[in-house]
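# Observations on the model geometry
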Amino acid sequence: MAKILIVDDSRTSRKMLKEIFENGGHEVIGEASNGEEGVILYKECKPDVVTMDITMPNMNGLEALMCIKKEDRNSKVIMITAAGQKEKMLQAIKEGADDFITKPFDADQILGAIERVM
């Protein structure tokens, strides 16, 4: 079981992810609607894994990823990206993302990514 922080500006995506994680036996310990909130919650909650949308207001997922990795090089961050954002995905991997998932996603894909990074 992993303790997970979900960072996504879409309330619908957060709800779907939370449901998938909880049905998969994991615990969602926090939710953030932008990268800035995600970095703050990461420091407070110390999750095992973070799922991070790339495109968000205030601070995007790549900026938040860099802040989290600077705070904790051992953090586990799974980036979630819309199809067609290959350049951003490659940049996320370069910045230390542990895995990535493209939208639309399904439960097996999400839970498999959690298993891989744990």
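Below is a short write-up of the structure. Given the structure is predicted, the values throughout are model-derived calculations rather than measurements. (Residues numbered from 1 in each chain as written. Predicted model: local features only at pLDDT ≥ 70, side-chain atom pairs only at ≥ 80, totals over all residues. Heavy atoms only, no water.)

Below, the discussion takes up the pattern of salt bridges. When the charged atoms of two side chains lie near each other, side chains of opposite charge can form a pair. Applying the stated rule across the entire model yields 7 salt bridges. Put simply, Arg14 and Glu31 hold a salt bridge, and the shortest N to O gap is 3.4 Å. With Arg14 in helix α1 (residues 11-23) and Glu31 in strand β2 (residues 27-32), this residue pair connects regions lying 17 residues apart in the sequence. One salt bridge in this structure joins Glu31 and Lys18, with 3.8 Å as the shortest N-O distance. Taken together, the positions of Glu31 in strand β2 and Lys18 in helix α1 put the pair 13 residues apart, joining distant regions of the chain. Owing to a relative accessible area of 30%, Lys18 belongs among the partly exposed residues under this scheme. If you follow the salt bridges from partner to partner, you end up with Asp8, Asp53 and Lys103 in one network. (Salt bridge = Lys/Arg side-chain N within 4 Å of Asp/Glu carboxyl O. Helix = DSSP H or I, 4+ residues; strand = E, 2+ residues; numbered from the N terminus. Buried < 20%, exposed > 50% of the residue type's maximum accessible area, 1.4 Å probe, protein only.)

Moving on to the packing of α1 against helix α5 (residues 107-117). The contact between α1 and α5 brings their axes to 10 Å, and the two run at 65 degrees. On the basis of the axis angle, α1 is roughly perpendicular to α5. Note on packing geometry: the crossing formed by α1 with α5 is right-handed. Mapping the contact onto sequence places Leu17, Ile20 and Phe21 in α1 and Ala107, Ile110, Leu111 and Ile114 in α5. (Axes fitted to C-alpha atoms, helices over the stretch in contact; angles between N-to-C directions. Parallel < 35°, antiparallel > 145°, perpendicular 65-115°, else oblique. Left-handed = near helix turned anticlockwise from the far one by under 90°. Contact = heavy atoms within 4.5 Å.)

Sheet architecture is open: 5 strands sit in the order β2-β1-β3-β4-β5, paired in parallel fashion. A strand with exactly one partner marks an edge of an open sheet, and here the two such strands are β2 and β5 (99-103). The sheet shows a mean angle of 20 degrees between the axes of neighbouring strands, taken without regard to direction. Examined bridge by bridge, strand β1 (residues 3-7) and strand β3 (residues 49-53) share 4 bridges and lie parallel to one another. (Pairing = 2+ DSSP bridges.)

Attention shifts here to the packing of helix α2 (residues 35-45) against helix α3 (residues 61-71). Packing of α2 against α3 leaves a shortest axis separation of 9 Å and a crossing angle of 20 degrees. As judged from the angle between their axes, α2 and α3 are roughly parallel. As for how α2 packs across α3, the hand of that crossing is right-handed. Contacts from Gly35, Gly38, Val39, Tyr42 and Lys43 in α2 reach Ala64, Cys67, Ile68 and Glu71 in α3. Residue classes in the contact of α2 with α3 are distributed as 5 nonpolar, 2 polar and 2 charged. (Nonpolar A, V, L, I, M, F, W, Y, C, P; charged D, E, K, R; others polar.)

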